[in-house]
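# Fold and geometry: a report
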Amino acid sequence: MSGRENETETHEPVNGLDRLLAEIEEGQLSSIRKVVSEVIAVLASPGATVRELKMIIEIDPPLAARILHLANSAFYSRGRSYSTIEDAIILLGFEATLRLVLSQKVCELFTQGDAVESYSRARLWRHSTATALLSRLIHRREFGVPGETAFACGLLHDLGLVIADQFRHQHFVAALKESFAGQRPLRECERERIGFDHGEVVLALAERWTLPREVIDCFKYLRDPFAGTGPHTRSVLSLFVANSYCRAHGFEHGGIASARGPSLEDALSAIQILPAALDRLGIDLLEEITQLEAKGLL
Amino acid sequence: MSDQRSRESQQQKSAALEIENRQLRNELRLTRAERESAQQKYFEMVALFEAQVEERTRQALQWQRLLRRKEQEVKRLIDFSPAVVFYQDLKGRFRRVNGEFARLFGQTPPGVNGRTYADLCPGHPDPFRKGLLQVLESGQPLLERAVSLEGDGGPQHLLISRIPLPDTRGQLTMVIGFGLDVTRLHRSEEAQKALNERLEFSQKMEALGMVAGHVAHDLNNMLSAIVCYPDLILSQLPPDSPCRHRILTMQRSGQKAAAIVQDLLTLVRRGVPHREVVNLNELVSQYFASAEFGKLKSFHPGIEFITEQDPDLYNLLGSPVHLNSTVMNLTSNAAEAIPGRGIVRLTTRNERLDTPLAFPEFVLPAGSYCVLSIQDNGVGIAPSDQPRIFEPFFTKKTMGTSGTGLGMAVVRTTVLDHRGWIHLSSRPGEGTTFTIYLPATHEPLPRRKKAATLAELRGRNESVLVVDDSPEQREIASDVLHRLGYEVATVATGEDAIEYLRHQPMDLLMLNMIMDPGIDGLETYRRVLQFRPGQRAIIVSGFSETDRVVEARRLGAGAFLKKPYTAERLVSVIRSELDRRTN
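To keep things clear, this report deals only with the structure shown in the data block. What you see is a predicted model; the values in this text were computed from it and never measured.

So, how was this worked out
- Residues numbered from 1 in each chain as written.
- Chains lettered and ligands numbered in written order.
- Predicted model: local features only at pLDDT ≥ 70, side-chain atom pairs only at ≥ 80, totals over all residues.
- Heavy atoms only, no water.
- Helix = DSSP H or I, 4+ residues; strand = E, 2+ residues; numbered from the N terminus.
- Buried < 20%, exposed > 50% of the residue type's maximum accessible area, 1.4 Å probe, protein only.
- Contact = heavy atoms within 4.5 Å.
- Areas by Shrake-Rupley, 256 points an atom, 1.4 Å probe, with all protein chains shown as cover.
- Pairing = 2+ DSSP bridges.
- Expected span 1.5 Å × (residues − 1).
- Arc of directions from axis to C-beta.
- Axes fitted to C-alpha atoms, helices over the stretch in contact; angles between N-to-C directions.

## Digging into the overall build of chain A
A tally of helices and strands in chain A yields 17 helices and zero strands. Looking at chain A residue by residue over its 298 residues, the buried ones come to 56%. Of the contacts made within chain A by residues no fewer than 6 positions apart, 69% connect residues no fewer than 24 positions apart. Roughly 12400 Å² of accessible area belongs to chain A as shown, and the carbon and sulfur atoms make up 52% of that amount.

Here you go:
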């Protein structure tokens, strides 16, 4: 059932995050919940096995078909034919397959919807992908850790916008226009129109889907990274840095205004990354984005 | 200034390189770790594949074993099945057969596999072809009522169920047949059919017997006048009278009619034949000397009739009349079976059977037998007709002398009544032999008296009481006896006879056996004996000699006189009885 069908026509703020979450359970998002939850769990687990990944893919026939289609594409296959999921995982690589699965599944949500001024879901998807890649690069290159969870956080951090657009479309569009017109932070407009903002939505969803604590913390403190003092502060700050950098370097999600938060420099300093090092990662990000575009994945 | 800028630039480049180095080192370390992880995962996956392959191999082996067991099971089922099993391909070749099927052709399975019916039985129509084509055309199973095969032991009958067997691509390439040998059942059904036919025949005979029984008595009474009066008339006519021939013809016609009645009675076993010691040689010789045989010879001038008689031939107990009729019928049939020239041979011989002699339908007990063979080299009898030629009214060809279609049936009945057996052996185009076995007796032949003339048979004032419910019979008997010098009185019932005898003794009673109304001849005689012991009597009947006749003779009655009788026969019997007592 589409979220738009349940939407009221009034401009009164609609409260009730729980109600929205209940609607999500019945809608299109429920179909990706299992895959996303399981892929993120595997990403976060260093001991995950090929069998686990294979089972995630096999129980979702459209996803299995897309993975096999990708494995048999001209870019990967090099003339050979791959007919099983095991073959595809060997070809694409374990972690890469995981990322592809996650991207493919989340991407389903970003392919619909109309543009509102400079905002569109397509641009949002490009922004999310870039943030995910950069966040992963920061972890790998600067912290020397795999950064797969960081990738997932980057991919999902703006999922709240898509949900608000999907389930509270009119109010979201109104909030969006109001934000553009008055150069007011979108979150404020959303809270006025809908009763909650997209940051609260994605956080509630992550908690509802019992995603790893690191992911929940990232969503919780993304707008105020210095508020969190837990074990995942570095991850939160990395996501903040990646998000800010991408918005400032051509991967913005449509010029949506945000409330003034900490500066990029303060965040970089807090995680002990030199601006030059970030610039260097920015170059590699561009390269990866180019490759994804070449593979038809973006 | 420029040096400073250059230094700063160098420092920036150096810092950038340092950053890049550090980032690449991190990447390299992670990549190595990931490569190791990938390697581990690769091995893990290989192990997974190997486990899957192992599992599938195990399953395949399991299936293979299962298939082999099933194959053995099917093979055993087929090989040891009491039913016939065969696989036939599109061209009718037997692709797989079991022992039971191969046995039908006197082969083993390898001798049948790969061959067609035409290969196995060249020149025979293929009984499997029609069913095979039907299943191939329809693709549906088929149950065939019966397929007949020519086997060594005669035709074999199979009940066959056919099932289409498609190959792995669904193409119909083979038909499986399961068959049951129902030859026994078939034969049993045939036997049942024959039994039913015999039952039907028996019922027909019973009905015929009832009719014959009802009419025979009256008919014989009526014929008595025709058969009896000519003798009286002839005795009164001059020897050159032109009427003599006509009267004799009339008498012969009456006698033939009486013979037909006798045939019917014999056939339906309404009478027990009179038994006396006879010799077949005498009967054959008498027949060869008879006017009937002369007539037969004149009709068949191209036929040579030969008798070969064993001079030491045993006697037998039998009915001369019936046995004579048998010889006559068979000789006549033999002659009729020869279209032009040929030979009819009558042979008599003795045969001592130490063990029972088995024929297809009958087992002759051990003992001594007189054997009579009548052989011809005529057209023979078709095998399909052979089982039916003894049936009454079988009209494939003219048989018997009576012209009623009863001749051969009467012959068979006569032989059976004598506790004998008749065996037929015939081949179309080569001829026929009938062989009759009749139980022999050691009793000697009675001395034959010279036939007396009517004058010698005249009465000597003896009195005869004729007891008969038929006015005509009373009149005929009274007339004949009176004319020949006997004193005759007549009564219509047994009761009247008793009453009459109470007041008037008579020398002889001529007692009709069956009378209506009132008591019969036996009962009359019993009562008469109570007050006139030793009363002489003869018994007269339109039937053959019955148990009641035998009983009457046991009580003291003399000869049995069968109606219709000639005048000569009547007075001969009466004279004989009177003289026997006198002597």
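Next comes the rest of the write-up.
## Observations regarding the pairing of strand E8 (residues 315-318) of chain B
Residues and elements named next belong to chain B. Of the strand pairs in this sheet, strand E6 (residues 276-278) and E8 are connected by three bridges, and their pairing is antiparallel. From the neighbouring strand, Val 278 faces E8, where its bridge partner is Leu 316. In this structure, E8 lies alongside strand E14 (residues 431-441), joined through two bridges in antiparallel fashion. If you follow Leu 316 over to E14, its bridge partner there is Ala 440.

## Description of helix H12 (residues 471-483) of chain B
Residues and elements named next belong to chain B. In a regular helix each residue adds 1.5 Å, so 13 residues correspond to 18 Å; H12 covers 18 Å between its end C-alpha atoms and thus fits that length. Listed in full, the buried residues belonging to H12 are Gln 473, Arg 474, Ile 476, Ala 477, Val 480 and Leu 481. One side of H12 carries all its buried residues, which in axial view fall inside an arc of 165°. Facing away from the buried side of H12 by more than 90 degrees, the exposed set consists of Glu 475 and His 482. Gly 485 sits one or two positions beyond H12 and adopts a positive phi of about 95°.

## Remarks on the sheet that holds strand E18 (residues 536-541) of chain B
Strand pairing in a sheet is mediated by backbone hydrogen bonds. Such pairs are either parallel or antiparallel. All names here are of chain B. Across the sheet, five strands lie side by side as E16-E15-E17-E18-E19; this open sheet has parallel pairing. Each edge of the open sheet is held by one strand with a lone partner, namely strand E16 (487-491) and strand E19 (560-562). For this sheet, the mean inter-axis angle between neighbouring strands, taken without regard to orientation, is 20°. Where strand E15 (residues 463-467) and strand E17 (residues 508-512) come together, four bridges link them in parallel fashion. Counterpart to Val 467 in the pairing with E17 is Leu 511.

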